Amino acid sequence: MAVADVKISGAEALVARHPAPASAAKWANEARDGAMARLRAMGAPMRRDEYWRFTNPAILNADAPRHATALVTDETPVFDGFDALRIVFVDGVFDAAQSSDLSGEPHLSVEHLTDALATDIHWAKDVFGVLEAAGQTPVDRPFAALNTAVAQSGVVIRATGPVSRPVNLRYLHVAEDADAVIHHVIKVDDSATLTILENGPAAARFNKAMEIMVGDGAEFHHVRAQGRDHDRQCVSHMFARVGKEALYKSFTLTVNGVLTRNEHVIDMQGDDASAHVAGACVGEGDFHHDDTVFVTHDAERCESRQVFKKVLKSGAVGVFQGKILVKEGAQKTDGYQISQGLLLDDDAQFLAKPELEIYADDVACSHGSTCGAADETALFYLLSRGIPRAQAENMLVLAFLGEAMDEIADDDLAEEMRGRVAGWLERHSK
Amino acid sequence: MLSIKNLHVKLEEEDKQILKGVNLEIGAGEVHAIMGPNGSGKSTLSYVLSGKDGYEVTDGEATLLGDDILDMEPEERAAAGVFLAFQYPVEIPGVGNMTFLRTAVNAQRKARGEEELSAGEFLKVVREKAKSLKIDADMLKRPVNVGFSGGEKKRNEILQMAMLEPKMCILDETDSGLDVDAMKLVAEGVNALRDAGRSFLVITHYQRLLDHIKPDVVHIMADGKIIKTGGPELALEVENNGYADILGEVA
Ligand SMILES: Nc1ncnc2c1ncn2[C@@H]1O[C@H](COP(=O)(O)OP(=O)(O)OP(=O)(O)O)[C@@H](O)[C@H]1O
Ligand SMILES: [Mg+2]
């Protein structure tokens, strides 16, 4: 079969494995149909696609997920210590009993995806499938199109003012073969603020998409801890459109998982906006972690930062593909990108593909990528002060991840993330 | 306290002998100084004693209070009481100075079977010692040595020494890069630690430091060996005449 045919039949296979959603409002049906048409046109991803060269999509394309056992632990779940509004999904399905009562929270409205999509006139019409569709150019993201076309789970959230409590989307995993698709639609109105926390593996295989519209002068904070199940597989997409003087901040912590592909597509459309995307991951053995980021500057004086740090050990692979596109007229753009791999032994690998594409003349963009082992001189310094080797190494790993953790605006949330990494390191240095 | 016998050390990676039979006996409570031309092996001796990788002991021994230290891991030597104030203190971005100090103090206490210091107790002690070395709160909060001036780094070494209260303190050119006032501070810091149960090995190029930290014994090292040992007057001789005479004498 020719490549194109393989991709097309692959797309059909992706479609076939999910039940067709029930008919919804006209606009929603059209959005889903549009996504389905996009998927069929672009086909399933393949290893030879430019953005899949470092990550094999096979287990994401497969008819069924690889079985993954849910991790059993007596540790308190991530974010438990925070006064958050919880929305709980079990194997991808909303669980009302475990979720908070969300009515009455000032400046916040939350609906189920299916309810919103069944409503004839809804603001979500301007976001659902719209940001995802825009994010398909110039790079195809077939799993995101699939998500829009078939997702029947998720929430539609609108912040109309400063929402004081964070909304915690918690994804529990039970069944070994759970294959979850979740799609969230978020709108932060002009000058409103919202914090979204996400944690948990969600399923054996998880396809998550989130579309976020950040209004003028609005703030959106996102902190995510992807679940610790060793065999979990995940592909996630965040599509954001950032308005004038708005702030978009996202941080992801990943520990364990056989395959994680986190894509971020950020479009800065209003002047003087800021967007920061950061990620820290630690993995050992059968662990493949890919961050694929595309930031577009389409307005003046916007600032963007990408900070990705990966700690890899015994066969673990880290991938970073990050791009800054500065469009014509996006003067005074300040773009920064750093990706670094810390290899704890000779058997780990870090692959980076940083890209800059600039069509404005008055911009400051910098990017860097490094990869290496722990600093022996620093390690000896710590040892010479009596700090045991394992503890000294862990201190250096935490220090290495520091720049990514520092991107979390809230100190308590940053501390929560540091504590989780420290816990992982302690368990793994025994 | 420290006994070094016929110590021979070569580089692990290449066939280069650096220490060629060092003998040194430092009694409890004594201060010894080592002077010697550049490249004679002074820092190498300090690294080998503290356990840095990259060196191979081909002959000889080194014991601290009778225990063979060359067989120990660096962190075990530290817990046993060896401390090296580095010629070039290391910058560690991302590790807070205070966290580093507390981790080190408590790791050593734990290794010795002592109770760890609480955050409050630790803070009290560190503040007091930092104050006498004119190290301000801001320097304690910053990452280890990052952005510190040369003199600040050296004072930070002495602060670590004061916190860890080692038995055998090795100071590698702690005076270099210090202005006159800072040198006095550092010397005061060292003198405050002088004790019948604590010994010092002070590596320096200048008599000046030895005006403040009075040595009991002065050694001259050249080409990987101690070639002359004497009293404080030996340091004055070097200051006035350089090494030529001494090297000539021995040759
Ligand atoms: N890791 C190394 N690799 C190569 N050469 C080394 C290494 N360590 C030490 N040497 C060499 O060994 C010799 C002794 O070096 P060392 O640093 O011990 O001298 P020193 O007496 O401390 O000198 P200085 O007074 O300049 O500080 C020098 O010739 C140095 O170049
Ligand atoms: Mg030296």
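No experiment lies behind these values; they were computed from the predicted model shown.

Chemist: Help me understand the site of ligand 1 in this model?
Modeler: Residues and elements named next belong to chain B. G39, K42, S43, T44 and H205 are the nearest of the 14 residues found near ligand 1. S40 has a polar backbone atom sitting 3.2 Å from an oxygen atom of ligand 1. At 2.8 Å, a backbone N or O of S43 approaches an oxygen atom of ligand 1. For ligand 1, whose accessible area on its own is 630 Å², the fraction buried by protein is 65%. Top element by residues in the shell around ligand 1 is helix α1 (residues 42-50). It accounts for three residues.

Chemist: What am I meant to see in the coordination of the magnesium ion (ligand 2) here?
Modeler: Octahedral metal centres with six donors ideally show angles of 90 or 180 degrees, and tetrahedral centres with four donors ideally show 109.5 degrees. Residue and element names in this part refer to chain B. Donor atoms from the polypeptide that bind the magnesium ion (ligand 2) are S43 (OG) and Q87 (OE1), placed at 2.0 to 2.3 Å. Of the two residues, S43 sits in helix α1 while Q87 sits in the loop between β6 (82-85) and β7 (92-96), which places them 44 residues apart along the sequence. The exposure class of Q87 is buried, given its relative accessible area of 13%.

Chemist: How should I be thinking about the interface of chain A and chain B in this particular structure?
Modeler: Accessible area lost on assembly of the parts is the figure often given for the size of an interface. With 17 residues of chain A in contact, the opposing surface of chain B contributes 30 residues. Its largest share of buried area at the contact with chain B, chain A owes to A:F380, A:Y381 and A:R385, together 44% of the area lost on that side. On the surface where chain A and chain B come into contact, there are one salt bridge. Among the salt bridges present, the one from B:E157 reaches A:R385, with a minimum N-O distance of 2.7 Å. If you look at where chain A meets chain B, you find eight residue pairs in polar contact (both at pLDDT 80 or more). Those elements that place two or more of their residues in the side of chain A that touches chain B are α7 (376-384) and α8 (389-405) of chain A.

Chemist: How should the packing of helix α2 (residues 26-42) of chain A against helix α6 (residues 142-150) of chain A be read in this particular structure?
Modeler: When two helices pack together, their arrangement is given by the angle between their axes and by how far apart the axes lie. Residue and element names in this part refer to chain A. Two numbers describe how α2 lies on α6: the axes approach to 8 Å, and their chain directions differ by 150°. In this view, α2 runs roughly antiparallel relative to α6, as classed from their interaxial angle. Every pair of crossing elements has a handedness; the one defined by α2 and α6 is left-handed. Contact residues: α2 offers A31, R32, A35, M36, R38, L39 and M42, while α6 offers P142, A145, L146, T148, A149 and V150. For the contact of α2 with α6, the per-class residue count stands at ten nonpolar, one polar and two charged.

Chemist: Would you mind showing me how to read the pattern of salt bridges here?
Modeler: Oppositely charged side chains are able to pair whenever their charged atoms sit close together. All names here are of chain A. Evaluated as defined, the whole model comprises 39 salt bridges over all chains. When the shortest N-O distance is used, the salt bridge between E75 and R228 registers 3.0 Å. A residue pair is termed long-range when its members are at least 10 positions apart, and E75 in the loop between α3 (58-61) and β1 (85-90) and R228 in the loop between β9 (219-226) and β10 (233-242) qualify at 153 residues. Relative accessible area serves as the criterion here: at 32%, E75 is assigned to the partly exposed category. Among the ionic contacts, a cluster of salt bridges with common partners joins E75, R228, E416, R420 and R427.

Chemist: Looking at this structure, I do not really get unusual backbone geometry. What am I missing?
Modeler: Residues apart from glycine generally show negative phi values, whereas peptide bonds are mostly found in trans. For the bond running from A:T137 to A:P138, omega is 0°, close enough to zero to count as cis. Among the secondary structure elements, A:P138 is positioned in the loop between α5 (130-134) and α6. Located in the positive-phi region is B:N6, a residue other than glycine, with phi close to 50°. Inspection of the secondary structure puts B:N6 in strand β1 (residues 2-11). Residue B:N6 is classed as partly exposed on the basis of its relative accessible area of 34%. Located in the positive-phi region is B:N145, a residue other than glycine, with phi close to 60°.

Chemist: I tried to follow helix α6 (residues 150-164) of chain B on my own but got confused; where do I start?
Modeler: Turn by turn, an α-helix covers 3.6 residues, leaving residues three or four places apart pointing in a common direction. Residue and element names in this part refer to chain B. For α6, which comprises 15 residues, the first-to-last C-alpha distance of 22 Å matches the rise-based estimate of 21 Å (1.5 Å per residue) to within 8%. Counted residue by residue, α6 has 14 buried out of 15 residues, so it is predominantly covered. The first or second residue beyond α6 is E165, which carries a positive phi of 45°.

Chemist: Just checking my understanding: could you explain the nonpolar core for this structure?
Modeler: One broad rule of soluble globular proteins: the nonpolar side chains tend to lie buried together. Formed by 91 residues in total, the largest nonpolar core has its most connected members in B:I4, B:L7, B:L45, B:I92, B:M161 and B:F200. A:A178, A:A192, A:A240 and A:A299 belong to the second-largest nonpolar core, a separate cluster that totals 52 residues.

Chemist: Even after reading the chapter, I still don't get the side chain of A:T195, so can you show me in this structure?
Modeler: Checked against the element boundaries, A:T195 lands in strand β7 (residues 193-200). Non-local contacts of A:T195, meaning those with residues more than four positions away in its chain, are made with A:P166, A:V167, A:H221 and A:L413.

Chemist: Looking at this structure, how should I read the layout of surface pockets?
Modeler: The method is simple in principle: a probe with the dimensions of a water molecule rolls over the atoms, and the space it marks as empty is what remains. By volume, the largest pocket amounts to about 1,000 Å³. Together, 32 residues line the largest pocket, and A:Q391, A:M395, A:L398, B:T99 and B:T103 are the ones closest to its centre. Where the lining of the largest pocket is concerned, the elements lending two or more residues are α8 and α9 (411-428) of chain A together with β7 and α3 (97-111) of chain B. Ranked by residue count, the leading element in the lining of the largest pocket is α8(A), at nine residues. Residues belonging to the lining of the largest pocket are distributed by class as follows: twelve nonpolar, ten polar and ten charged. Of the voids in this model, the second largest pocket is the one considered here, and its volume is about 540 Å³. Around the second largest pocket, the lining is made up of 26 residues, and of these A:T73, A:P77, A:G200, A:P201 and A:R228 lie nearest the centre.

Chemist: Explain the sheet that holds strand β17 (residues 334-343) of chain A to me, please; I cannot follow it from the model alone.
Modeler: Sheets are built from strands that pair by backbone hydrogen bonding, the pairs being arranged parallel or antiparallel. Residue and element names in this part refer to chain A. The ten strands are arranged β2-β1-β5-β7-β9-β11-β13-β15-β17-β19 in an open sheet whose pairing can be described as mixed. The sheet is open, and its two edges are formed by β2 (93-94) and β19 (364-372), each paired on a single side. Two strands pair when backbone bridges link them, and β7 and β9 are joined in this way by eight bridges, in the parallel orientation. Bridging across to β9, N199 finds its partner in A225. Packing against the sheet, α8 makes contact with β11 (247-255), β13 (274-284), β15 (303-313) and β17, and its axis sits at approximately 155° to β15.

Chemist: It is not clear to me how the UniProt feature "domain: SUF system FeS cluster assembly SufBD core" (unreviewed entry) in chain A should be interpreted in this structure. Could you clarify?
Modeler: Following the UniProt record, the feature "domain: SUF system FeS cluster assembly SufBD core" (unreviewed entry) maps to residues 177-400 of chain A here. Taken end to end, residues 177-400 of chain A has its terminal C-alpha atoms 35 Å apart, with 9% of it in helix and 61% in strand.

So, how was this worked out
- Residues numbered from 1 in each chain as written.
- Chains lettered and ligands numbered in written order.
- Predicted model: local features only at pLDDT ≥ 70, side-chain atom pairs only at ≥ 80, totals over all residues.
- Heavy atoms only, no water.
- Near = heavy atom within 4 Å.
- Polar contact = N/O pair within 3.5 Å; in protein donor to acceptor, adjacent residues only side chain to side chain.
- Areas by Shrake-Rupley, 256 points an atom, 1.4 Å probe, with all protein chains shown as cover.
- Helix = DSSP H or I, 4+ residues; strand = E, 2+ residues; numbered from the N terminus.
- Donors = N, O, S within 2.8 Å, 3.2 Å for Na, K, Ca; no water.
- Buried < 20%, exposed > 50% of the residue type's maximum accessible area, 1.4 Å probe, protein only.
- Contact = heavy atoms within 4.5 Å.
- Buried area = accessible area lost by both parts, 1.4 Å probe.
- Salt bridge = Lys/Arg side-chain N within 4 Å of Asp/Glu carboxyl O.
- Axes fitted to C-alpha atoms, helices over the stretch in contact; angles between N-to-C directions.
- Parallel < 35°, antiparallel > 145°, perpendicular 65-115°, else oblique.
- Left-handed = near helix turned anticlockwise from the far one by under 90°.
- Nonpolar A, V, L, I, M, F, W, Y, C, P; charged D, E, K, R; others polar.
- Expected span 1.5 Å × (residues − 1).
- Core = buried A, V, L, I, M, F, W, Y, C linked by side-chain atoms within 4.5 Å.
- 1 Å grid on protein atoms, 1.4 Å probe; cavity = no way out; pocket = protein on both sides within 12 Å on 5 of 7 lines; lining within 4 Å.
- Points joined across faces, edges and corners; volume = space filled by probe spheres on them.
- Pairing = 2+ DSSP bridges.
- UniProt positions renumbered as here; feature names shortened; annotations may be inferred.

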